[in-house]
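Next come the chains, spelled out residue by residue.
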Amino acid sequence: MEQERHSYRVNHLAQLESEAIFILRETAAQFEKPALLFSGGKDSIVMAHLARKAFYPARIPFPLVHVDTGHNFEETIQYRDDYVAELHAELVVGLVQDSIDQGRVQEEKGPFASRNALQTVTLLDTIEDNHYDACLGGGRRDEEKARAKERFFSHRDDFGQWDPKNQRPELWNIFNGRKHHGEHFRVFPLSNWTEMDVWQYIKAEKIPLPSLYFSHKRDVVHRNGALLALSDVVVPQEGEEIERDAVVRFRTIGDMTCTGAVYSEASHMDAIIQEVATARQTERGTRADDKRSETAMEDRKKEGYF
């Protein structure tokens with residue numbers, strides 16, 4: 001019985017890998033200048049790993065694009081640079097700070113300010129400046145209800161906006177990448193993957209990850225139902241509960257001002273997989289940015305977010 005379960009897991013992951021690689025190759029074939037959106041999080045790392053397999057022995061035929069808020073974890077930036085060097089890939093970085101300096105966006109004020117929402121303008125400017133006609137993303141349908149509405153090939157209009165009611169059918173995995181001038185596509189090869197699939201694949205492929213994903217000690221503050229790591233940009237406010245040397249890990253990685261940790265003793269891959277199997281909250285349930293409104297993610301996606 002255990003052998004049968006193992007065989008199912010292997011076959012299941014092989015099928016997901018094959019589907020993702022097919023979509024990566026289809027993107028390279030249909031579009032003139034695609035790019036892979038790379039945050040340094042586990043999903044984008046798996047995407048880059050799949051791209052390396054899809055086009056081996058050639059290099060990945062498109063750049064890795066990172067939108068840097070300036071408030072990223074140091075571990076994420078170091079991992080990004082090391083991994084890009086290992087892949088011999090091109091890295092393109094869009095800086096939110098540049099968008100602020102140019103007056104393209106206005107930085108939020110107040111003790112709970114975040115740059116997370118400002119990424120949209122920086123991303124769209126980076127796409128336009130580099131003439132990308134397709135951007136590969138690591139979004140999965142199991143993450144959040146807005147992402148569940150996405151197709152593999154997700155059309156964006158000439159303003160970079162997403163209309164969930166105006167997407168194209170994808171019967172028999174036939175993808176329509178036709179577009180008008182100024183429009184582009186977001187492509188999601190991991191759409192059918194779950195968080196568990198991602199972790200099992202990472203284990204099977206022995207993919208290295210940033211240390212943030214594993215249990216470690218960190219000073220945190222309890223804010224709006226999230227555990228935020230104390231830093232230069234996350235400063236405790238009056239009345240907030242501070243916890244020193246909390247044993248935590250991160251299920252997602254993003255801007256420090258909105259990426260929440262979880263209490264966890266999971267310091268290795270098997271422990272994380274077991275933890276994910278018993279979790280009652282989705283990984284994005286730790287994200288403070290998704291708590292700003294009931295439709296926060298969908299609103300941002302309509303504006304051009306990932």
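What comes next concerns the included structure.

Thresholds, definitions, all that
- Residues numbered from 1 in each chain as written.
- Predicted model: local features only at pLDDT ≥ 70, side-chain atom pairs only at ≥ 80, totals over all residues.
- Heavy atoms only, no water.
- Helix = DSSP H or I, 4+ residues; strand = E, 2+ residues; numbered from the N terminus.
- Contact = heavy atoms within 4.5 Å.
- Buried < 20%, exposed > 50% of the residue type's maximum accessible area, 1.4 Å probe, protein only.
- Polar contact = N/O pair within 3.5 Å; in protein donor to acceptor, adjacent residues only side chain to side chain.
- Pairing = 2+ DSSP bridges.
- Axes fitted to C-alpha atoms, helices over the stretch in contact; angles between N-to-C directions.
- Expected span 1.5 Å × (residues − 1).
- Parallel < 35°, antiparallel > 145°, perpendicular 65-115°, else oblique.
- Nonpolar A, V, L, I, M, F, W, Y, C, P; charged D, E, K, R; others polar.
- Salt bridge = Lys/Arg side-chain N within 4 Å of Asp/Glu carboxyl O.
- Core = buried A, V, L, I, M, F, W, Y, C linked by side-chain atoms within 4.5 Å.
- Domains from an automatic or database assignment.

Further remarks concern the overall build of the protein. Secondary structure assignment for the protein yields eight helices and ten strands. Within the protein, residue pairs in contact and separated by at least 24 positions form 72% of the contacts whose partners lie at least 6 positions apart.

In this section: the side chain of arginine 218. Checked against the element boundaries, arginine 218 lands in strand 7 (residues 216-223). Given a relative accessible area of 17%, arginine 218 falls into the buried group. A distance of 3.0 Å separates a polar atom in the side chain of arginine 218 from a polar atom in the side chain of glutamate 75. Only 2.9 Å separates the side chain of arginine 218 from the side chain of histidine 216, close enough to count as a polar contact. When neighbours within four sequence positions are excluded, arginine 218 is seen to be in contact with Phe73, Glu75, Leu212, Ala229, Glu243, Asp245, Ala246, Val248 and Phe250.

Turning our eyes to something else, we now look at the sheet that holds strand 4 (residues 134-136). Through backbone hydrogen bonds, the strands of a sheet pair up, either in parallel or in antiparallel fashion. Ordered in space as 3-2-1-4-6-5, the six strands form an open sheet in which the pairing is mixed. Each edge of the sheet is formed by a strand with only one pairing partner; in this case those strands are strand 3 (91-95) and strand 5 (153-156). The sheet shows a mean angle of 30° between the axes of neighbouring strands, taken without regard to direction. The pairing of strand 5 with strand 6 (residues 184-187) spans four bridges and is classified as antiparallel. Counted as the bridge partner of histidine 155 is phenylalanine 185 from strand 6. Across the sheet, helix 2 (residues 42-55) lies against strand 1 (34-37), strand 2 (64-68) and strand 4, angled at about 140° from strand 1, the strand it touches most.

Turning our eyes to something else, we now look at helix 5 (residues 119-130). Because each turn of an α-helix spans 3.6 residues, side chains separated by three or four positions in sequence point in the same direction. Between its first and last C-alpha, helix 5 extends 16 Å over twelve residues, near the 16 Å set by a 1.5 Å rise per residue. For helix 5, the set of buried residues is Gln119, Thr120, Thr122, Leu123, Leu124, Asp125, Thr126 and Ile127.

Two numbers describe how helix 2 lies on helix 3 (residues 74-87): the axes approach to 12 Å, and their chain directions differ by 5°. Relative to helix 3, the element helix 2 is oriented roughly parallel. Of the residues in helix 3, those in contact with Ile45, Ala48, His49 and Arg52 of helix 2 are Tyr79, Tyr83, Glu86 and Leu87. When its residues are assigned to classes, the contact of helix 2 with helix 3 shows five nonpolar, one polar and two charged.

What follows concerns the pattern of salt bridges. Enumeration according to the criterion identifies 15 salt bridges in this entry. In this structure, lysine 53 and glutamate 17 form a salt bridge, with 2.7 Å as the shortest nitrogen-oxygen distance. One end of the pair, lysine 53, is in helix 2; the other, glutamate 17, is in helix 1 (residues 2-30), with 36 residues separating them in the sequence. The partly exposed category is assigned to lysine 53, whose relative accessible area is 33%.

Below, the discussion takes up the pairing of strand 1. A regular strand carries its side chains on alternate faces of the sheet. Residue alternation in strand 1 divides its side chains into two sets, Pro34 and Leu36 and Ala35 and Leu37, and both sets are buried. The pairing of strand 1 with strand 4 spans three bridges and is parallel. From the neighbouring strand, leucine 36 faces strand 4, where its bridge partner is leucine 136. Here strand 1 runs beside strand 2; their pairing, made up of two bridges, is parallel. Within the sheet, the bridge partner assigned to leucine 37 lies in strand 2 and is valine 65.

Turning to the nonpolar core, a few remarks are in order. One finds Val46, Leu50, Trp193 and Trp199 to be the most contacted residues of the largest nonpolar core, which totals 59 residues. Ranked by the residues each element gives to this core, the list is headed by helix 2, at eight residues. Looking at this core, you find at least three residues from each of domain 1 (2-198 + 295-303) and domain 2 (211-290). When neighbours within four sequence positions are excluded, leucine 50 is seen to be in contact with Glu17, Ala20, Ile21, Leu24, Leu190, Trp193 and Tyr201. Of all hydrophobic cores here, the second largest spans 13 residues; its members include Val92, Val96, Ile100 and Leu118.

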